[in-house]
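Now for the letters of each chain:
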Amino acid sequence: MFAKRFKTSLLPLFAGFLLLFHLVLAGPAAASAETANKSNELTAPSIKSGTILHAWNWSFNTLKHNMKDIHDAGYTAIQTSPINQVKEGNQGDKSMSNWYWLYQPTSYQIGNRYLGTEQEFKEMCAAAEEYGIKVIVDAVINHTTSDYAAISNEVKSIPNWTHGNTQIKNWSDRWDVTQNSLLGLYDWNTQNTQVQSYLKRFLERALNDGADGFRFDAAKHIELPDDGSYGSQFWPNITNTSAEFQYGEILQDSASRDAAYANYMDVTASNYGHSIRSALKNRNLGVSNISHYASDVSADKLVTWVESHDTYANDDEESTWMSDDDIRLGWAVIASRSGSTPLFFSRPEGGGNGVRFPGKSQIGDRGSALFEDQAITAVNRFHNVMAGQPEELSNPNGNNQIFMNQRGSHGVVLANAGSSSVSINTATKLPDGRYDNKAGAGSFEVNDGKLTGTINARSVAVLYPDDIAKAPHVFLENYKTGVTHSFNDQLTITLRADANTTKAVYQINNGPETAFKDGDQFTIGKGDPFGKTYTIMLKGTNSDGVTRTEKYSFVKRDPASAKTIGYQNPNHWSQVNAYIYKHDGSRVIELTGSWPGKPMTKNADGIYTLTLPADTDTTNAKVIFNNGSAQVPGQNQPGFDYVLNGLYNDSGLSASLPD
């Protein structure tokens, strides 16, 4: 975990705390296939499947006046800075270096000197709705300011409202981390139901004003229900609102319990951000180091970033060194991927290259124009139209300075971290034709399954047919095509349809077509025997009559059946092992024995397989493929999620084992 620090003389809050996002999905299938607000044609159908602009320190009026630009840049949501009343430190000076006062609440009435009034917040939310943009509020509900005199009487009037301000000493001890004070800030007594009710009323008021979700700052500093004698129902209570999306700032360390928090909210993948920045600094985009999300939480519950406001603005300046080129390259990696929800941090005007606060803007102003840069915009739109497509990460021709992400046969993103242009000649699933680079200059050709062209130094290329962006887009949330997904009881699935789609239907096992609208759900498997398979076909039609279909496969498996996985061995190792393990609290359970695990056997299809005994409990298990020395994922990275009957390559799960 990255510890937060203050300048002790000013108590500058090293805040990078999390606001929880909970996805509340729509109800039963409806006959209407019409989708929502047509203004969202450049955005994704949901926050989870889109990208988020962290409009750090932008005022409500600044956001309102820039909403069209945000929409046109392809973001599905914005994240605000804290909207409640806060301490006005340093005489209320709005210099960017005073950003940390926004993380020192004095009350939970909406509106403050830095961002604007509650009425201005409402007007901003209304403008966002006009453009199909969702609003995420950064909620600081772990603590108040450290200045007791500045805390409002409405807070102090709550009996036994605080744990006090005795500072955390042992960052590996859960009790200390959750029950003592972060940097001397008064810690809310989150076991107190009156405190829970007070903070929940703030969240509900924000939702009533037009917000759609929350980031919960410092979420790991609030106890979970199973945290021993000091556990509480805080998170089950607080997250039980109408919010569409909630995520918590869980900076990863030995006490962070990421997977447990993910039962209540999406969580941050802070270690993955570190991996991305390390790759950028070393100009090495080798997929073995950046393919895995460095988390025990599944990708569909992660919020990812190249940098956060903490890594940029805190005194250790962990990411301030990065240039705009670095951010473009990093964004091409994380936002071209499937699964996670990427967050783009808006730096101050002129910031970066080692300068945190260049003095060209103040709190309330718009950030740098990089958020709407051509390459950033192109990657955002790519992310939106590729939802539901499988990913395949690679380094063409073994060049670790070149990153390639191929999303099925629909599109490709390339990133060149090197200082020289590179000629590309690599296999692709894209249809034959000429592809203009949507992220910048140049074009590429595809002939007979070969992608050729030149990618300039320190640049990004985004390639997909023009008709894909205008085509209807239907998909199942959190599931991929080309893979057979397994479950063992029943499974509820969420249907998605974008703004281009005027009619959408689904079909199960060649049964009757059922119309749906974005966010509808259906359930499979209830009462069905093990071994039953389900082919789900989606069909979307746009206003021009253009139709697109997607096919998904599922199987209901007996949890007691044999457990087999496969590895394609793209590195051509002479010996392939699978090390499969899981965690039970702090204890590691090795399902294939000690490192390097058990040898895999090459089958007639050239796939290396390993079968575990039928009674092996593989719930939440991980797998690392290796030859005894080299390994995938790379060293110090958690394994890939173990998926029964899954077929893996160096990017993770790629397909299902052939029957």
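Residues numbered from 1 in each chain as written. Predicted model: local features only at pLDDT ≥ 70, side-chain atom pairs only at ≥ 80, totals over all residues. Heavy atoms only, no water.

## Thoughts on the overall build of the protein chain
Line of reasoning, step 1. A tally of helices and strands in the protein chain yields 14 helices and 40 strands.
Line of reasoning, step 2. Expected size for 659 residues packed as a compact globule is a radius of gyration near 26 Å; at 24 Å, the protein chain falls within 12% of this value.
Line of reasoning, step 3. Summarising its shape, the C-alpha atoms of the protein chain cover approximately 75 × 55 × 55 Å along the three principal directions.
Line of reasoning, step 4. Put simply, the protein chain has 659 residues, and 59% of those count as buried.
Line of reasoning, step 5. Entry remark: accessible area of the protein chain is about 24,100 Å², with carbon and sulfur atoms responsible for 44%.
Line of reasoning, step 6. In the protein chain, 56 side chains carry a positive charge and 70 a negative one; their mean positions are 1 Å apart. (Helix = DSSP H or I, 4+ residues; strand = E, 2+ residues; numbered from the N terminus. Rg over C-alpha atoms; globule rule 2.2 N^0.38 Å. Buried < 20%, exposed > 50% of the residue type's maximum accessible area, 1.4 Å probe, protein only. Areas by Shrake-Rupley, 256 points an atom, 1.4 Å probe, with all protein chains shown as cover. Lys, Arg positive; Asp, Glu negative; His and termini not counted. Charge placed at Lys NZ, Arg CZ, Asp CG, Glu CD.)

## Brief notes about the UniProt feature "domain: Glycosyl hydrolase family 13 catalytic" (unreviewed entry) in the protein chain
Line of reasoning, step 1. The positions that UniProt labels "domain: Glycosyl hydrolase family 13 catalytic" (unreviewed entry) are, in the present scheme, residues 50-383.
Line of reasoning, step 2. As annotated, residues 50-383 comprises 31% helix and 15% strand, and the C-alpha atoms at either end are separated by 7 Å. (UniProt positions renumbered as here; feature names shortened; annotations may be inferred.)

## Some thoughts on empty space enclosed by the protein
Line of reasoning, step 1. One pass over the full model with this rule turns up four cavities of 30 Å³ or more.
Line of reasoning, step 2. Across the lining of the second largest cavity, the residue classes break down as four nonpolar, five polar and three charged. (1 Å grid on protein atoms, 1.4 Å probe; cavity = no way out; pocket = protein on both sides within 12 Å on 5 of 7 lines; lining within 4 Å. Points joined across faces, edges and corners; volume = space filled by probe spheres on them. Nonpolar A, V, L, I, M, F, W, Y, C, P; charged D, E, K, R; others polar.)

## Quick notes on the domain arrangement of the protein chain
Line of reasoning, step 1. Here the domain parsing of the protein chain yields domain 1 (50-145 + 199-386), domain 2 (391-463), domain 3 (471-556) and domain 4 (563-656).
Line of reasoning, step 2. The centre of domain 2, based on its C-alpha atoms, is set 29 Å off from the matching centre of domain 4. (Domains from an automatic or database assignment.)

## A word on the confidence of the model for the protein chain
Line of reasoning, step 1. The share of residues in the protein chain with pLDDT of 70 or more is 93%, and the mean pLDDT across the chain is 91.
Line of reasoning, step 2. Confidence drops under pLDDT 50 across residues 1-38; counting only partners more than four residues distant or on other chains, this segment forms 181 contacts. (pLDDT = per-residue confidence, 0-100. Contact = heavy atoms within 4.5 Å.)

## Regarding the side chain of S319
Line of reasoning, step 1. Topologically, S319 is positioned in the loop between α11 (309-313) and α12 (324-335).
Line of reasoning, step 2. Under the relative-accessibility criterion, S319 is labelled buried at 0%.
Line of reasoning, step 3. Other than its neighbours up to four places away in sequence, S319 contacts R277, E307, T311, Y312 and R347.

## Notes on the nonpolar core
Line of reasoning, step 1. Core analysis: the largest hydrophobic core is formed by 107 residues, its most contacted members being I70, F121, I141, F216 and W235.
Line of reasoning, step 2. Counting the residues that make up this core, at least three belong to each of domain 1 (50-145 + 199-386) and domain 2 (391-463).
Line of reasoning, step 3. By size, the runner-up hydrophobic cluster in this structure holds 20 residues, among which are V474, F475, I493 and L495. (Core = buried A, V, L, I, M, F, W, Y, C linked by side-chain atoms within 4.5 Å.)

## Description of the pattern of salt bridges
Line of reasoning, step 1. According to the stated counting rule, one finds 35 salt bridges in the structure shown.
Line of reasoning, step 2. Here D147 makes a salt bridge to K87, at a shortest N to O gap of 2.8 Å. A residue pair is termed long-range when its members are at least 10 positions apart, and D147 in the loop between β6 (134-139) and α4 (153-156) and K87 in the loop between β3 (84-86) and β4 (105-112) qualify at 60 residues.
Line of reasoning, step 3. A residue is classified by how much of its surface remains accessible, and D147, at 26% relative accessible area, is partly exposed.
Line of reasoning, step 4. Notably, a salt bridge pairs K429 with E392, separated by 3.6 Å at the nearest N-O pair. Taken together, the residues span a long stretch of sequence, with K429 in the loop between β17 (422-427) and β18 (433-436) and E392 in strand β14 (residues 391-394) at a distance of 37 residues.
Line of reasoning, step 5. One salt-bridge network, held together by shared partners, links D138, R215, D217 and E249. (Salt bridge = Lys/Arg side-chain N within 4 Å of Asp/Glu carboxyl O.)

## Points about the sheet that holds β17
Line of reasoning, step 1. Overall, antiparallel pairing links the four strands, which are arranged β17-β20-β19-β18 in an open sheet. Among the strands making up the open sheet, the edge pair consists of β17 and β18. On average, adjacent strands in this sheet sit at an angle of 20° to one another, irrespective of strand direction.
Line of reasoning, step 2. Direction of pairing for β18 relative to strand β19 (residues 443-447): antiparallel, over a ladder of four bridges. Bridge pairing in β19 places D436 opposite S443. (Pairing = 2+ DSSP bridges. Axes fitted to C-alpha atoms, helices over the stretch in contact; angles between N-to-C directions.)

## Focus on the pairing of strand β21 (residues 459-463)
Line of reasoning, step 1. Of all five residues that make up β21, five are buried, and the element is covered over most of its length.
Line of reasoning, step 2. Here β21 shows two buried faces, one formed by S459, A461 and L463 and the other by V460 and V462.
Line of reasoning, step 3. Summarising the sheet, strand β16 (residues 411-416) and β21 pair through five bridges and their orientation is antiparallel. In the sheet register, V412 faces β21, and the bridge partner there is L463.

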